[in-house]
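Chain by chain, the residues run as shown.
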Amino acid sequence: MVYGIGTDICDIRRISATLGRRGDRFAERVLGPRELEVFRYRRGKLEDRGVRFLATRFSAKEAFSKAIGLGLRMPMTWRGCEILNLPSGKPEIHLNGVLAEWFAARGLSAHVTVTDEADYAASFVVVETRSEK
Ligand SMILES: CC(C)(COP(=O)(O)OP(=O)(O)OC[C@H]1O[C@@H](n2cnc3c(N)ncnc32)[C@H](O)[C@@H]1OP(=O)(O)O)[C@@H](O)C(=O)NCCC(=O)NCCS
């Protein structure tokens, strides 16, 4: 059954401006270790691809935080939730540390979809539970 849904829209220009102002520290605060590798690879190819990756991840993490009903409150953290792509391109949510434990203890699973166009990135997350709680 559905445990929660969450959505978020993010202004890519704001992400770009913050990245310009705060540099890599901003990306390092928002992205988990595996996401950072992808970010650096894509940014190395083209600055805009890096910024778009960061913006879709930013929106997907906020959407996930809403779907689990916590917002960005512990155990939900930016880096605890990574959105990584399968070889097919499909994004998947991978959780780390206490957030992973919190999620598993409730028997939850998550689905995410992301999109971006011109100045905006948007995401939608559905969280399911196996139990009737
Ligand atoms: C959920 C959160 C990540 C969204 O922040 P945002 O990107 O600035 O705002 P958005 O416009 O995307 O989303 C706001 C909507 O999220 C929803 N929302 C807020 N808290 C939520 C929660 N715990 N679970 C699910 N949805 C939530 C509400 O519908 C809210 O709209 P409303 O205020 O009109 O009711 C953010 O509100 C949050 O982390 N809150 C928890 C921490 C907190 O309360 N901080 C404030 C003190 S520093």
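Residues numbered from 1 in each chain as written. Predicted model: local features only at pLDDT ≥ 70, side-chain atom pairs only at ≥ 80, totals over all residues. Heavy atoms only, no water.

Participant: Looking at this model, I keep getting lost on the packing of helix α1 (residues 12–22) against helix α4 (residues 47–67). Mind explaining?
Facilitator: For the pair α1 and α4, interaxial distance at closest approach is 9 Å and the crossing angle is 115 degrees. By the angle between their directions, the pair α1 and α4 is classed as roughly perpendicular. Where α1 crosses over α4, the handedness of that crossing is right-handed. For the pair α1 and α4, the contacting residues are Ile12, Ile15, Ser16 and Leu19 in the first and Glu47, Val51, Arg52, Leu54, Ala55 and Phe58 in the second. (Axes fitted to C-alpha atoms, helices over the stretch in contact; angles between N-to-C directions. Helix = DSSP H or I, 4+ residues; strand = E, 2+ residues; numbered from the N terminus. Parallel < 35°, antiparallel > 145°, perpendicular 65-115°, else oblique. Left-handed = near helix turned anticlockwise from the far one by under 90°. Contact = heavy atoms within 4.5 Å.)

Participant: When you look at unusual backbone geometry in this model, what are you seeing that I'm missing?
Facilitator: A negative phi angle characterises most non-glycine residues, just as the trans form characterises most peptide bonds. A cis geometry characterises the amide bond from methionine 74 onward to proline 75, with omega recorded as 5 degrees. Mapped onto the fold, proline 75 is located in the loop between α4 and β2 (81–85). Positive phi, close to 45 degrees, is recorded for alanine 118, a residue that is not glycine. You can see alanine 118 is positioned in the loop between β4 (108–117) and β5 (120–129). Judged by relative accessible area, alanine 118 falls into the partly exposed class, the value being 46%. (Buried < 20%, exposed > 50% of the residue type's maximum accessible area, 1.4 Å probe, protein only.)

Participant: What am I meant to see in the site of the ligand here?
Facilitator: The full set of residues close to the ligand is Asp8, Glu62, Ser65, Lys66, Gly69, Leu70, Gly71, Leu72 and Arg73. At 2.8 Å from an oxygen atom of the ligand is found a side-chain nitrogen or oxygen belonging to lysine 66. Coverage of the ligand by the protein amounts to 34% of the 920 Å² it exposes when considered alone. Tallying contributions element by element places α4 first for the shell around the ligand, with three residues. (Near = heavy atom within 4 Å. Polar contact = N/O pair within 3.5 Å; in protein donor to acceptor, adjacent residues only side chain to side chain. Areas by Shrake-Rupley, 256 points an atom, 1.4 Å probe, with all protein chains shown as cover.)

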